[in-house]
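Coordinates in review
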Amino acid sequence: MERPSPREILEQKMRETRPSWTRNAPAKPRKYKASMKRVDDYVVLDFETTGLRAGSDKIIQIGAVKYINHMHKDTMYLTINPQQHISSTITRITGITNADVRDAPVIEEVAHELIQFIGGLPIIAHNAPFDMGFLYALEEITPIPEYTVIDTVKLARKVIPETPNHKLTTLSAFLELEHNAHDALGDCLATAAIYQFCIDRL
């Protein structure tokens, strides 16, 4: 049996400690357009965060990589001061400590830059609801467009039946990628490789 990842352990702890009145709360409407259609120009997006709850938890690292005709054209890679404590569990998962973010910019200083970086391109993310939840939580800071989003978890489930699951680390091992897991840039590069592999199989 495969051992749970640190993020899965964190998810389980949060489910166990979440107040009962929130567990059955209706899901918020999705603000982006999910797609499985092939695109050749896109931005791969990944956040590392203080936890799993967009809004109350905060971004501590941004990774965004722009591809034009599947060629790497530009990168945005920043550590962010979340203005809240980073737990030892999150440090164990991401390697990011409170000392690492002490002198980093706060999200209010870079949110608009991120939206400008993405422009009108589609977004590709692995487990997109997580990252998009944190992206749309920035609407209090800057307007967020209605993006077209491709989730490589769903795409991989469709075209890679060989793996026991479709976690980023599992898919990276299957494709023999060099993957710096739970680093925003490392996860972006792995996600891009998985996306490009998947569309070649469609």
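Not measured: the values here are computed from a predicted model. (Residues numbered from 1 in each chain as written. Predicted model: local features only at pLDDT ≥ 70, side-chain atom pairs only at ≥ 80, totals over all residues. Heavy atoms only, no water.)

Next up on the list: the confidence of the model for the chain. Low pLDDT marks regions whose predicted coordinates should not be analysed in detail. Scored by pLDDT, the chain has a mean of 90; 86% of the residues are at 70 or more. In this model, residues 14-27 is a region of pLDDT below 50 whose contacts with residues beyond four sequence positions or in other chains number six contacts. (pLDDT = per-residue confidence, 0-100. Contact = heavy atoms within 4.5 Å.)

So, on to the environment of P82. The residue P82 is located in the loop between β4 (71-79) and α3 (88-94) in this model. For P82, a relative accessible area of 7% puts it in the buried group. Residues P82 and D57, spaced 25 residues apart in sequence, show a C-alpha to C-alpha distance of 8.4 Å. Not counting the four nearest positions on each side in its chain, P82 is found in contact with T50, K58, I59, I60 and V101. (Helix = DSSP H or I, 4+ residues; strand = E, 2+ residues; numbered from the N terminus. Buried < 20%, exposed > 50% of the residue type's maximum accessible area, 1.4 Å probe, protein only.)

A separate point is the pattern of salt bridges. For side chains bearing opposite charge, pairing can occur when the charged atoms are close. Following the criterion strictly, the structure yields four salt bridges and no others. Note that D57 and R53 form a salt bridge whose closest N and O atoms lie 3.5 Å from each other. D57 gets classed as buried once you look at its relative accessible area, which sits at 8%. Of the residues examined, R53 reaches a relative accessible area of 45% and is grouped as partly exposed. (Salt bridge = Lys/Arg side-chain N within 4 Å of Asp/Glu carboxyl O.)

Right, let's get into the packing of helix α7 (residues 152-159) against helix α9 (residues 184-201). Between α7 and α9, whose axes approach to 10 Å, the crossing angle comes to 40°. Classified by the angle their axes make, α7 and α9 are oblique. As for the relative orientation of α7 and α9, their crossing is left-handed in sense. Touching T152, L155, A156 and V159 of α7 are T191, I194, Y195, C198, I199 and R201, all from α9. Tallied by class, residues from the contact of α7 with α9 come to seven nonpolar, two polar and one charged. (Axes fitted to C-alpha atoms, helices over the stretch in contact; angles between N-to-C directions. Parallel < 35°, antiparallel > 145°, perpendicular 65-115°, else oblique. Left-handed = near helix turned anticlockwise from the far one by under 90°. Nonpolar A, V, L, I, M, F, W, Y, C, P; charged D, E, K, R; others polar.)

For the rest of this paragraph, the subject is the pairing of strand β6 (residues 148-151). Alignment of strand β1 (residues 33-34) against β6, held across two bridges, turns out to be parallel. Following the sheet pairing, K33 is matched in β6 by T148. Direction of pairing for strand β5 (residues 123-125) relative to β6: parallel, over a ladder of three bridges. Its bridge partner being in β6, A125 is matched across the sheet by D151. Since β5 and β6 lie parallel, the crossover through helix α6 (residues 128-136) that links them has a hand, and here it is right-handed. (Pairing = 2+ DSSP bridges. Right-handed = clockwise from strand over helix to strand, strands pointing away.)

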